[in-house]
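Residue-level structural notes
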Amino acid sequence: MRCPFCGDLSSQVKDSRSSEDGAAIRRRRQCDGCAARFTTFERIQLRDLVVIKKDGRREAFDRAKLARAVGHASAKRDISPEKIERLVSGIQRQLETRGDEVRAEEIGEKVMAGLKTLDHVAYIRFASIYRDFSEASDFAEIAEEVGEPPEPGKLL
């Protein structure tokens, strides 16, 4: 594992523990070259996913991009990072079990479904970008669709 500080290729694992409900292993490492400590995560990757965009372009699935989108939608909301991480991991696992290619629309719908059960404001924020709202009535329609607030602690 390359040290992010000095670039040395040798490091020692100082601590390992399960994270994300067992879907990943968190490793605390120390560089042999500069003695700096850093954290790495190991996740199971079932397949190399390819995302088919609306215009037909294909690009590799990027978990970080999915996490950023969910993070932006849930910014300044009382949603724990663990719940967001579980949502992103759940979506990624669902996609990986379906096949090697996935449409961008399918990813967007899965994010919307997850956010709808997690936080209604985050759901509306994401929907406004994903569905390209252009008028105030678009917000009113999606707000009516939301209905009752989600149960506390319920995820997906």
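Structure: see above.
Residues numbered from 1 in each chain as written. Predicted model: local features only at pLDDT ≥ 70, side-chain atom pairs only at ≥ 80, totals over all residues. Heavy atoms only, no water.

Here we take up the overall build of the protein. Along its length, the protein carries five helices and six strands. Listed N to C, the secondary structure of the protein is β-β-β-β-β-α-α-β-α-α-α in terms of helices and strands. Among the 156 residues that make up the protein, the fraction classed as buried is 35%. Summarising the internal contacts of the protein: among those between residues at least 6 apart in sequence, 46% fall at separations of at least 24. (Helix = DSSP H or I, 4+ residues; strand = E, 2+ residues; numbered from the N terminus. Buried < 20%, exposed > 50% of the residue type's maximum accessible area, 1.4 Å probe, protein only. Contact = heavy atoms within 4.5 Å.)

Let us look at helix α2 (residues 81-98). Taking 1.5 Å as the rise per residue, α2 with 18 residues should run 26 Å; its terminal C-alpha atoms sit 26 Å apart, in good agreement. Of the positions making up α2, those classed as buried are I84, L87, V88, S89, G90, I91, Q92, L95 and E96. Those residues of α2 hidden inside the fold are in contact with α1 (63-73), β6 (101-103) and α3 (104-118). At the C-terminal side of α2, G99 shows a positive phi close to 160°. (Expected span 1.5 Å × (residues − 1).)

Reading across the sheet, the three strands line up as β1-β2-β3 and stay open at both edges, with antiparallel pairing between neighbours. If you trace the sheet from one side to the other, it starts and ends with β1 (11-19) and β3 (37-43), each paired once. The sheet shows a mean angle of 25° between the axes of neighbouring strands, direction not considered. Strand direction decides the pairing type here: strand β2 (residues 24-31) and β3, joined by seven bridges, are antiparallel. Bridge pairing in β3 places I25 opposite E42. (Pairing = 2+ DSSP bridges. Axes fitted to C-alpha atoms, helices over the stretch in contact; angles between N-to-C directions.)

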